[in-house]
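Structural description and commentary
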Amino acid sequence: MIPSVWAVLGLPALWPQATLAAAALFTLGAGMFPGFSRPALRLVTVAALLAAVFQLRLAAPGLAGHPLISLDGLGLAWQGLFCLGALPAALLLDWDDEVPPALLLGSVLGMGLLAASGNLLLLFIGLEFMSLPAYSLVARPGPRGERASLEAAVKYFFAGGLAGALFLLGMALHYHQTGSLLLVRAVDGPLERAAVALMGAAALFKVGAFPLHFWLPDVYESTQSDLAGFLSTSMKAAGVFLLLRIASILPASPLAAALPWMGAATALFGALLALRQTRLQRLLAYSSISHAGNLVLGVGAWAAQGAMPEAAAPVFFYLTAYLFMSNGIFVFLKAAGVAEWNDLKGLGARNPGAAAGAAALAFCLAGIPPTGGFFAKFFVWWEAVKAGLYFPAAVAALASLTALGYYLGMVREMWLEPASAGAARGDDSDEFSPERAVVWACAAGAVLLGLAPWIFKGLLGRIL
Amino acid sequence: MGWLTLLWLAPALGGFLVFAPGKGRAPRWVALAVSLGVLAYSFWLLAPYAPGEGGWGLEESGAPWLFGIQYHLAADGLSMVLCWLTAFLTVVCVLSSWEKEVPAGYWAAFLFLEAAVLGVFLARDLLVFYIFWEAVLLPMFFIIGVWGSDGRRKAAVKFFLFTFFGSLFLLLGILCLVTFHHAATGTWTWDMARLDGNSVPPSAAIWVLACLLIGFGVKVPLVPLHTWLPDAHTEAPAAGSVMLAGVLLKMGLYGIMRLGFGAFSDLTWQILPWLAALAAVNIIYGSVCAAVQDDLKRLIAYSSVAHLGFCVLGVLSRTPEGLAGGTLQMVNHGLTTGALFLLVGALYERGHKRGVGDFGDLVDRAPWLSVCFAISVLASIGVPGLNGFVGEFMCLAGITRVIPVFALAGAAGIVLSAAYSLPAYQRVFWGEPGPSSVSAKISDLGALDKAVLGVLLALMFWIGLCPGPLLAVIEPAAAALARAPSLGVQP
Amino acid sequence: MNAAVALLLDLAMVLGLVAAFSCSGSLLGPRSKREGDALQPYETGMRPIASANPRMSPLFIRFAVLFVVFDVDLAFLLPWALSRPALSLPLAVSATLFTGLVGLMLAYFWRKGALEC
């Protein structure tokens, strides 16, 4: 069966990808005419992402048995995460040519392919498709200068290349074992276990789980903060999705058994290292490693309970909450113009608008009720407890307590401390800024997710 | 959305509304209007209630969500009086900080606090309860940390970490209860009236109960877990101390009444002597500590530890009079301690000192202040004719029926409370001013303060002389709690 | 035999062979004195006139990458043509669209000056 344009257009499930691809091409095409207005281009990017989300609502799961494409509820739900997670970056990313928006759209398109694939080959293509634009985006000059960005991009590229190689190797083993690349549950066996472990390692690279996290802090620190938000939400969601798919090939594999422990170690490790950071973006990068630990723990608990697609709801909820929290807090760095820990001192008095949003987000990230962050952690840990993984859950809870040190510390610096003489950054300006609007929207979303999680029942219903 | 939801939602929305009018004095008018409205609404809603089966009156619930979690609110007599106390003390707080130069956030914090506390007292689903319970922390953290006195930052962080740590134990205990219940019955429920300790294996029961008691004990506070309290009370602004002592401490006891018993009736009987001993230690230790304090706010803070010990004794007795007395004493303590914190706040505002030795001979300079202080102190000691007497008497009557020896500790506590509060009163209002005295700066209460304290004192007299109407509300709920299921774990 | 054992055996054999080949040279071969022309790539023969890995102009890499991109694009089209599908309208549209996209890319690179030297 040869896929044709008709096949795509006849399937509402693939419209989001078509929309994103068309928008990316349009963006590039518009770049051929230097007179094209930049705000219009931004509008196209944002509109394409929103349209993709809207089309996802129309799509129904289907295409079971197709050699390449398979859309289940899980894939549809995750595609929504990818598109929404890219929105702040699409809105706020600084650029003066058409390439970054096209790259951003291309990366989301790659994630969409990843989510729509029912075949390891397409999964791999999606993986590379989403990563390559991200490397180029990271390479563009960030807050620490051109050299640092280039260095980070190269580091990211080699880590990603290694992940890709591991995935290919695992895929080869899997093919040798099963004679097929279809993404279906496989028969247990030593080679199959090795294959799943190798492919899982690639996913863990993308998630940034300890000890495969080494590229992550440098990358997040050297890019523009809203791009770091995109990497920590959409990209991380894609990694988690990949991990879910790989773990479901063989739910009883050693990889799946190792995931909870790896997650707990990641959570603790990220939280401990974040305590020592003074640059905020690096601190948030380590905190994002810590959150990735909880996610990996959630995937492990999910696999331990049989890897039923509909049981992935806790992980999905975590990612949804994290989408708001992480994007919001990264954008806050830009909105308030703060870079160092000491810049936060007295921010509540100087720039109450941004600081209020940041305080709400910090409490969300710390997982304090009544915020979405609490439910996110609560569901994942409870899932772990139900799976009998008491110790990893306890370690993750300990990590969360440790994380209180820097989240509560941020709130303390912003609201309880008087402004120090040296900290002149982050002063208030009364005029409307889109950054602050995004911070508030994210804070509102994250808090609302905790105040009334049942309003998201419809969203969860897609995969429950 | 039902009527009960509106009760906690109204102050929460009011908290946002406060920001609407911008700068100037408009926000405090909004805060006053909202808090008065909530007070009126709470009476209008709850007063006509007739106790239903099991003491629950009004109820409201949403559709079950995951794992049996359900948005479920309910009010019985116990919730009702505590809701009234909360709504009333919020109005008191707003009025007592009327002249403070504070931004809109201050008023919003108090309204958010009110919303969260009302939610705690109304929630019947345990997860909803826990969420409100934790939500209380956030506004209080800012009230202490932003608008407190010099040591506020340390006190705020200490308050937050201590109570958060306790809450984690509470969450663990709740999770165990729910999970064991599911294991035993196959249904997920978080309903605090349906969960009991019967499904908890005997070997685990003591640990689950310990988790719950640690969680609640930090808030009460029970003695080894009390160290956050003096700092938080001392460094908070006067209105913050009023809320902290008047309402937040009651949350712990409320939790013990709701969960500690219904869930573990027989186990609590077994360990009752130990718990009662802990409460007695609370009384004695709190009194002794209060006696050696120089800072007036610290003195009142430690006296709170002692007074809450009375409530715990009454509640532990699990007799109808003990439970009703414990509840009544919670209200009493809210009123008297609230008045005392307001008065010390007035002294601090005028003289910027809080030490007992920093004042003297105030009775001529500030006669109104002096009279109000005297009556509040007497009410706090438990002099007949004032509210404290009724509550403490009922608590002691309750515990006498169960373990009489602990009534002795209570009696000793009454004597001790006279021993620490009367000398302090005497030195501040009648004593010779010392060399560092700031008495010269102290002026008498303003008209607004007089009005607020007048209402508080009138309530003290009213409960002291005629506790019937209030007890009529409390007693059905207390009786229902006393009848709580006592199946299950046998010794 | 167990597949895992086979895999491990295979791995061990590969590693062993590699180790044997790399060590055998120094074990069996004559000892070189490491002086004079001994370190030249070709001890007896032409003298190298430049480094074996000169720095190349990035332009070359750009053209190489462009070539590979278009080459791969064509590599997709070739098997399609060879399989000689019945030329239905959807297939024709698909192929045209694909070629159009390749063309658009070329136009884009051209416009952006990627083809200038």
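Our subject in this report is the structure included herewith.

Analysis parameters
- Every chain is numbered on its own, with residues counted from 1 as its sequence reads.
- Chain letters start at A and ligand numbers start at 1, both assigned in the order the entries are written.
- Reporting in this predicted model follows two pLDDT cut-offs: at least 70 for local features of residues, and 80 or more for side-chain atom pairs to be given and counted; totals over whole chains, interfaces and linings ignore these cut-offs and use all residues.
- Each side-chain value is worked out from all heavy atoms of the structure, with water and hydrogens disregarded.
- Every helix listed is a DSSP run of H or I at least four residues long, and every strand listed is a run of E at least two residues long, numbered separately from the N terminus.
- Two residues qualify as a contact provided that any one of their heavy atoms is within 4.5 Å of a heavy atom in the partner residue.
- What sets the accessible areas is the Shrake-Rupley method with a 1.4 Å probe; for residues, cover comes only from the shown protein chains.
- To pair, rings of Phe, Tyr and Trp, with the six-membered ring standing in for Trp, must have centres within 6.5 Å; the planes then decide the type, stacked if under 30 degrees apart, edge-to-face if over 60, and tilted in the middle.
- Only protein chains enter the accessibility calculation, which uses a 1.4 Å probe. A residue is then buried if its area is under 20% of the maximum for its type, exposed if over 50%, and partly exposed in between.
- Cysteine sulfurs are considered disulfide-paired once they come within 2.5 Å of each other.
- Computed with a 1.4 Å rolling probe, the buried area is the accessible surface lost when two parts are put together, summed over both parts.
- Salt bridges are identified by distance alone: a Lys or Arg side-chain nitrogen within 4 Å of an Asp or Glu carboxyl oxygen.
- Identification of polar contacts relies on pairs of N or O atoms within 3.5 Å, with a donor-acceptor requirement for protein atoms, meaning one able to donate a hydrogen and the other able to accept it, and with residues adjacent in sequence counted only if both atoms are side-chain atoms.

Moving on to the overall build of chain C. Across its full length, chain C carries 3 helices and 0 strands. Ordered by position from N to C terminus, the α and β elements of chain C give α-α-α. For chain C, the proportion of contacts with a sequence separation of at least 24, taken over those separated by at least 6, is 56%. Of the roughly 9,800 Å² of accessible surface on chain C, 71% is carried by carbon and sulfur atoms.

Further remarks concern the packing of aromatic side chains. Here the structure, examined in full by the defined rule, presents 53 aromatic pairs over all chains. The interplanar angle of 75° and the centroid separation of 5.4 Å between the aromatic rings of Phe141 of chain B and Phe142 of chain B together place this pair among those described as edge-to-face. In this structure Phe142 of chain B comes out as buried when scored by relative accessible area, which is 17%. Seen from their ring centres, Tyr108 of chain C and Phe109 of chain C are 6.2 Å apart, and the 65° between their planes marks the pair as edge-to-face. Residue classification places Phe109 of chain C among the partly exposed residues on the basis of a relative accessible area of 24%. One aromatic cluster is present, built from ring pairs that chain together Phe317, Phe374, Phe375, Phe378, Phe379 and Trp382 of chain A together with Tyr130, Trp188 and Trp190 of chain B.

Turning next to the arrangement of the chains. If you rank the 2 pairs of chains in contact by how many contacts each has, first place goes to chains A and B. Across all C-alpha pairs, the smallest distance from chain B to chain C is 41 Å, and the two are not in contact.

A word on the environment of Ala303 of chain A. Residues and elements named next belong to chain A. Here Ala303 shows up in helix α12 (residues 280-304). Judged by relative accessible area, which is 3%, Ala303 ranks as buried. Linking Ala303 and Pro260, residues 43 residues apart in sequence, is a C-alpha distance of 9.6 Å. In this structure Ala303 touches Ala247, Pro251 and Ala256, once residues within four positions along its chain are discounted.

The next thing to look at is the state of the cysteines. Residues and elements named next belong to chain B. Applying the stated rule across the entire model yields 0 disulfides over all chains. Lacking any disulfide linkage, Cys93 is separated from the closest cysteine sulfur, that of Cys83, by 16 Å. The thiol sulfur of Cys311 is not disulfide-bonded, and the nearest other cysteine sulfur, from Cys395, lies at 5.5 Å.

Before going further, it helps to examine the interface of chain A and chain B. In this complex, chain A contributes 26 residues to the contact, which on the side of chain B involves 31 residues. In total, about 2,700 Å² of surface goes out of reach between chain A and chain B, with carbon and sulfur atoms giving 87% of it. A per-residue breakdown of the area chain A buries against chain B is headed by Trp382, Leu416 and Trp454 of chain A, which together make up 26% of the total. In this structure, the connection of chain A to chain B is made through 0 salt bridges. Across the contact surface, chain A and chain B share 1 residue pair in polar contact (both at pLDDT 80 or more).

So, about the interface of chain C and chain A. Counting from both sides, the interface comprises 15 residues of chain C and, opposite them, 14 residues of chain A. In this assembly, chain C packs against chain A so that about 1,300 Å² is buried in total across both faces, 79% of it on carbon and sulfur atoms. Remark: the boundary between chain C and chain A carries 1 salt bridge. With a shortest N-O distance of 3.2 Å, Glu98 of chain A and Lys112 of chain C are connected by a salt bridge. Between the two partners, chain C and chain A, sit 4 residue pairs in polar contact (both at pLDDT 80 or more). Among the elements of the structure, α1 (3-28) and α3 (89-111) of chain C are those that each provide at least two residues to the side of chain C that touches chain A.

Shape descriptors only; they carry no functional weight alone.
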